[in-house]
Every structure is written in C-alpha cells, then in structure tokens.
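Residues per chain are reported as follows:
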Amino acid sequence: MALQNLPLDLILTTENQPRKTFYAESLDELAASIKERGVLEPIVVRPVSGTGSQGGAPRDGKFEIVMGERRYRASKIAGLTHIPAVVREMSDEDAAADALLENFQREDLNAVEKARAIQGLLQFMSWEKVSKTLGVSETTLRRSLELLELPSNIQAELISRPGQGEGAFNEGHARALIALNDDPATQARLAGKVKQEKMNIPDLEKVIGAIKQFPQKKEAFLRVPINVTEQMLKSLGVREERKKPYKAQTAEQHMKAIEKSAATLSELLDSRVVEFLDSQQMNQLLSTTATLTREMEDFNKTVRDAVQNKDYSFREVYIHCPLCGRVELVGSVRCSVCWTILRRCYDCGNYDRAFEKCGVSGAAVYINEAESPKDYSKSYKCPDYKPKFDAQAVKLKMAA
Ligand code: SF4
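A few points on the structure. No experiment lies behind these values; they were computed from the predicted model shown.

### A few points about the site of the ligand
Then comes step 1: In the region of the ligand, the neighbouring residues are C345, C348, N350, Y351, C358, K378, S379, C382, D384 and Y385.
Then comes step 2: In terms of residue class, the shell around the ligand is made up of 6 nonpolar, 2 polar and 2 charged.

### Quick look at the pairing of strand β3 (residues 43-48)
Then comes step 1: With 5 of 6 residues buried, β3 lies mostly within the body of the structure.
Then comes step 2: Note: β3 against strand β5 (residues 82-87), 3 bridges, orientation parallel. Along β5, the bridge assignment pairs V45 with V87.
Then comes step 3: Summarising the sheet, β3 and strand β4 (residues 62-67) pair through 5 bridges and their orientation is antiparallel. Bridge pairing in β4 places P47 opposite F63.

### Regarding the packing of aromatic side chains
Then comes step 1: What the rule picks out here adds up to 0 aromatic pairs.
Then comes step 2: If you follow R142 out to its NZ or CZ, it ends over the ring of W127, 4.2 Å from the centre.
Then comes step 3: When the ring centre of F355 is taken as origin, the NZ or CZ atom of K357, which lies over that ring, is 5.9 Å away.

### Structural notes on the sheet that holds strand β2 (residues 11-12)
Then comes step 1: Here we have 5 strands laid out as an open sheet, ordered β1-β5-β3-β4-β2, and mixed in their pairing. Each edge of the open sheet is held by one strand with a lone partner, namely β1 (2-7) and β2.
Then comes step 2: On top of the sheet, helix α2 (residues 69-77) reaches β2, β3, β4 and β5; it is set at about 125° to β4, its chief contact.

What counts, and where the lines are drawn
- Residues numbered from 1 in each chain as written.
- Predicted model: local features only at pLDDT ≥ 70, side-chain atom pairs only at ≥ 80, totals over all residues.
- Heavy atoms only, no water.
- Near = heavy atom within 4 Å.
- Nonpolar A, V, L, I, M, F, W, Y, C, P; charged D, E, K, R; others polar.
- Buried < 20%, exposed > 50% of the residue type's maximum accessible area, 1.4 Å probe, protein only.
- Helix = DSSP H or I, 4+ residues; strand = E, 2+ residues; numbered from the N terminus.
- Pairing = 2+ DSSP bridges.
- Phe/Tyr/Trp six-rings, centres within 6.5 Å; stacked < 30°, edge-to-face > 60°.
- Lys NZ or Arg CZ within 6 Å of the ring centre and 35° of its normal.
- Contact = heavy atoms within 4.5 Å.
- Axes fitted to C-alpha atoms, helices over the stretch in contact; angles between N-to-C directions.

Right under this line is the structure:
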C-alpha cells in the first residue's frame, strides 16, 4: 500500500462502480470544496494492465479506481492534474467487492444502485457473507433485489430523480408496483398517476389491489381519483357480497337496518348542502347520488316484481298512485285524489310481460305504457281487464 500523487490521466474508472448517476449539482459542490481545500481523503486505486475484461485500449501503467470515483470526477472539474491516491495490489474480485461495499455504505446511493451493488457483491460472496458484511438480513437483500425485476422505466424513476416528500415517486411506490410486474403498461400509467395526483403509498397500494381484484374495471381505476376508487370498491364489494347465499334468518335484522338507514339518509338529503360545495365535492356528490339512484331503482324494481309475481295476501290488493302516492285497490280505474289512471295492463292477469303484449288480443303493449297508461291506452276501459290477484277474495280472507 502506498500513498502517491497520481496524474489524473493515468486513472481509469471501473465497470464495477454501482453508482450510475452522478448529479451535476452535487459534483460541482464537491469540486468547489476541492478547489478550496484540496482532496482531503485519498482515493484508492490498483495497478492494471492488459486491455481489461471488456477489451479496448491498453491499460499498462495505469490505475483503476477502487474507491473514490466522485472525488476523481470532481477533481477533474476543479481543474486538478493530480490526485492523492492509495495504490493497492488487488485481484479483480477483491477490487470489485471493495468498490461495491464502499459505495453501498454511502447513504446517497439510490435504491436501484444499492440493489445493483448487492447483485454485484453476490457474484463474489455467498448470501450469508453479503448479509453479514452489510449487516442486513437475507430477506432485506431479497427485497432489495426485487427492485431490479421492475421494468427499466420504473427503475429509471428512482435513479434519475428519487422523490422526496409526500406524494413524490419513491422506493415505496416502486416496491408497490412490483405486484404488477406482469403488466408494465399499467405500471407506467400508475407511476404517472402517482406524480400527477401526488398519491401516497397506501393509496397506490389500494389502487393496485383494486386492479388485481377487479381487473375488468382497471381502466376506470386508472382514470378516477382515489376517493372515487374507494367508492367503487365499496360498491363492488357489496355486489360481491350479494353473490353469496342470502341467510333468510337475517331478513328481520336486514329490514330494521334498512329502515334505520333510510331515516338517517332522509335527514342527510338536505339540498341546502349544494350551496357550500366546491367543484370536487360536487363531483363526488354527483357520483354518490348517481350510484345510489341506480341501486334504488334496481331495488325498487325487484320489490315491485316480487309484489306482482307472488301472493303476499295483503299487499297485492293495493297499488300506490304513482303521482300522489294515494293507496287504491288494484284495478281501480283512477286515483280518487289526483285522477291518475290506475288500471294498468301491468297489473292485469292477461298481460304477457315477457313479450310485452296483451295475452287476450295479442296486441303489443310496451312496458312503459303498461306501467303508466294514458287516456288513450286500452287498459283504461278494457273489458277484459282481470286483476292479477282476486282483491275481493283477499279482502274476505283478511276480514275472516
Ligand atoms: S288490460 Fe286488457 S289490454 Fe291490457 S293486458 Fe289486460 S286484457 Fe289485455
């Protein structure tokens, strides 16, 4: 080992340098310090000869950097011609291992460079030795190496501009994207979304989880903001739950819950709130009410179909006037309060709902007209109208 003042011209960089990115700003700062105070810590080099492992120009009489490439580069910027260097005779393996180790221990190495350093060390050492040398578990080593399985464009996000602060793309985001290694296009779009929406890691994980669980909705998850994603997940989760067998013994609890929630919702639907919403909140409200309306319509239709198709003893005798809500007997010609036509093909035992036609005459009666007849509709004065359920019989049954 000898300390020498070597000409910079005789010094070569090494292929085993794990740091692939040297930030110009940081090098300039170091160069300014070197100009003022010189190189305080000598670099470490080793004599080389031949043409090197990759071929190329002869290297006889030259030295390869083992540690200190940043200082070497900054010295060049500072205009130095010589640099203090410790010259050591070392094998290729030892030099590579020392270079990787020295760099690994520097805090400013980014996550991908660290992973590459570990990968490099594993060429010369066992997993156990690398783990002991670096003072980290083998699990940590494996987790670090996983970053190298990401597509190069995602790795580049960490190398070129590692994110700082909330919402910036950083190692945690990259690590979350590993779950989508089979879909690089989606990874790239999500990386863009993270930067655009300043998305934090748990939110990104939520979107990735949503894409994994409901791949048919991927496009929507990639486009909507996180709050809408959460609403969609809730709604999709409920639908998934509904695919499971319904437990009849919970019907009573279910009804109680519906009534309680309906009362709460009714209180919440205070339209004055719109005066206090900003555009994002209004967007959210529109999305929520649209979903709610759609679900209510589906639910109402199911309830009405059930009433029409099954004898519930009491309910089928009556019909609610669609205009004023007055309850009348099925088959009543008009509502006794607002005079809306209530005798409908829809409630007639002769109506064929599957083919939307009258079962007696065979004439088409489309569902809209069957449900909401007008003055000119046939059902209004139809002599063949036959209430689906025998109101009189039920009334007698109830009276008994
Ligand atoms: S009300 Fe008259 S037209 Fe309508 S389905 Fe019944 S029988 Fe046919």
